[in-house]
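As a plain string of letters, each chain reads:
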Amino acid sequence: MTAAAQLVERIQARKGGLNPTLRRLAELVLAEPDRVKGMTIAGLAEAAEVSQATVSRFVRAMGASSYQQFRIMLAEGQAVRAEPRAPEVYEGIGLDDDPATMIAKIAHRQAAAIEAARRLLDPGQLAEAARLIAARDMLVFVAVGSSVLAAENGVMRFVRIGKACIFERDPNLQLFAIAGLAARATLVAISDSGRTRTVQAALHEARAAGMPSVVITSAPGAPVGRAADVVLATPPGGSEGEQGIHESMVAKTAQLMVVDSLYALVAVQEPATALPHLAATDRIIAKSRSR
């Protein structure tokens, strides 16, 4: 992945977690990149109604060593995104690719998704999410579509360390669980696009009921990110509706990595509970396998 692509990815993923001043800068850069790349630091500060020091802080937070480097990276990113794309049947897979090329491309995309997730996952946000989970006896998972894979993985992980978990596929039952368990559970909502209506409804119900919530999404600035107490960012796969990208296994790979990271942190923080439950479930797994 180029430095330019990393810059755009980082701005998109971190926008929702920025303070209002820095968020204005992020939104301006993403909305008008062609205009911004030609601006001086003073011009950008004036357009965003912030100080030049704030602009400098923003570009450093996004991985650029200086404003000049930021402009160069942004310009390169525009050039990369402007390239025409050939028809695809899967992320990066063209109609003329042979089996060996397909295997190599998919393996590369999976590895890139994990690496991008590692860069984006904020340790402080992960620690806060673990704190919310540790403070309650139960977890309620909410997800639809292919994000169900990550939710089911979360249930399997957390049940093994003694956390009672609920995951209902029916949207009404999801809301019923939230309403009935608001005082006992933490909500874990998963939506790659950040705009899934049923997930939004669950988060709003949780907030109204006083249930703490954690969301895993590639769009922290989208509605689900704004409605949650803690946001765990995954790398954006592409534009909404582009080649079915939000339904691909590449996006799910990052979600699974985040769920596993959250599980691991909760487990090591609660060893007195986690270790006996892990031993008990290990015995059950061993009995299920033939010798």
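Residues numbered from 1 in each chain as written. Predicted model: local features only at pLDDT ≥ 70, side-chain atom pairs only at ≥ 80, totals over all residues. Heavy atoms only, no water.

A. A look at the pairing of strand β6 (residues 213–217). Most of β6 is tucked away, with 5 of its 5 residues classed as buried. Burial along β6 is two-sided: S213, V215 and T217 and V214 and I216, pointing in opposite directions, are all buried. Sheet topology note: the strand β5 (residues 185–190)/β6 ladder contains 4 bridges and is parallel. In the sheet register, V188 faces β6, and the bridge partner there is V214. (Buried < 20%, exposed > 50% of the residue type's maximum accessible area, 1.4 Å probe, protein only. Helix = DSSP H or I, 4+ residues; strand = E, 2+ residues; numbered from the N terminus. Pairing = 2+ DSSP bridges.)

B. Region of the structure containing the side chain of T281. Take T281: it is sitting in helix α14 (residues 271–287). Taking the relative accessible area as the measure of exposure, T281 reaches 17% and is therefore buried. Within the structure, the side chain of T281 is placed 3.0 Å from the backbone oxygen of L278, a separation counted as a polar contact. (Polar contact = N/O pair within 3.5 Å; in protein donor to acceptor, adjacent residues only side chain to side chain.)

C. View of the sheet that holds strand β7 (residues 230–233). Ordered by their spatial adjacency, 5 strands build an open sheet running β4-β3-β5-β6-β7, and the pairing between neighbours is parallel. Each of the sheet's edge strands pairs with one partner strand only, and the pair in question is β4 (164–167) and β7. Between one strand and the next, the sheet's axes are offset by a mean angle of 20°, whatever the strand orientation. Bridge count for β6 against β7 is 4 bridges, and the pairing is parallel. Note on β7: the bridge partner recorded for I216 is L232. Along the sheet face, helix α8 (residues 123–134) touches β3 (138–142), β5, β6 and β7 and points at about 130° away from the line of β7. Contacts between helix α9 (residues 148–159) and the sheet are confined to β3, β4 and β5, with β4 contributing the most and set at about 160° to the helix. (Axes fitted to C-alpha atoms, helices over the stretch in contact; angles between N-to-C directions. Contact = heavy atoms within 4.5 Å.)

D. Fine view of the pattern of salt bridges. Using the criterion set out here, one finds 9 salt bridges in the structure. A salt bridge links R119 to E115; its shortest N-O distance comes to 3.8 Å. Here R119 pairs with E115, and both are found in helix α7 (residues 99–120), just 4 residues apart, close to one helical turn. Using a relative accessible area of 31% as the deciding quantity, one classes E115 as partly exposed. Taken together, the shared-partner salt bridges connect E115, R118 and R119 into one network. (Salt bridge = Lys/Arg side-chain N within 4 Å of Asp/Glu carboxyl O.)

E. Fine view of the packing of aromatic side chains. Counted by the stated rule, this structure contains 4 aromatic pairs. Taking the centre distance of 6.3 Å and the plane angle of 20° together, the rings of Y67 and F70 count as stacked. With a gap of 3 residues between them, Y67 and F70 both fall in helix α6 (residues 67–81), about one helical turn apart. Overall, F70 belongs to the buried group, its relative accessible area being 0%. When the centroid spacing of 6.4 Å and the interplanar angle of 45° are considered together, the rings of F141 and F158 count as tilted. Of this pair, F141 sits in strand β3 while F158 is found in helix α9, placing the two residues 17 residues apart along the sequence. (Phe/Tyr/Trp six-rings, centres within 6.5 Å; stacked < 30°, edge-to-face > 60°.)

F. The packing of helix α2 (residues 20–31) against helix α5 (residues 52–61), seen in detail. Between α2 and α5, the least distance of the axes is 10 Å, while the angle of their chain directions is 70°. Taken together, the axes of α2 and α5 lie roughly perpendicular to each other. Judged by the twist between their axes, the crossing of α2 over α5 is right-handed. Judged by residue contacts, T21, L22, L25, A26 and V29 of α2 engage T54, V55, R57 and F58 from α5. (Parallel < 35°, antiparallel > 145°, perpendicular 65-115°, else oblique. Left-handed = near helix turned anticlockwise from the far one by under 90°.)

G. Quick peek at the environment of A202. Among the secondary structure elements, A202 is positioned in helix α11 (residues 197–209). On the accessibility criterion, A202 (0% relative accessible area) is buried. Each C-alpha atom, one on A202 and one on A143, is 9.6 Å from the other, the two residues being 59 residues apart in sequence. A202 has contacts with V142, L175, I178 and L187, leaving out every residue within four places of it along the chain.

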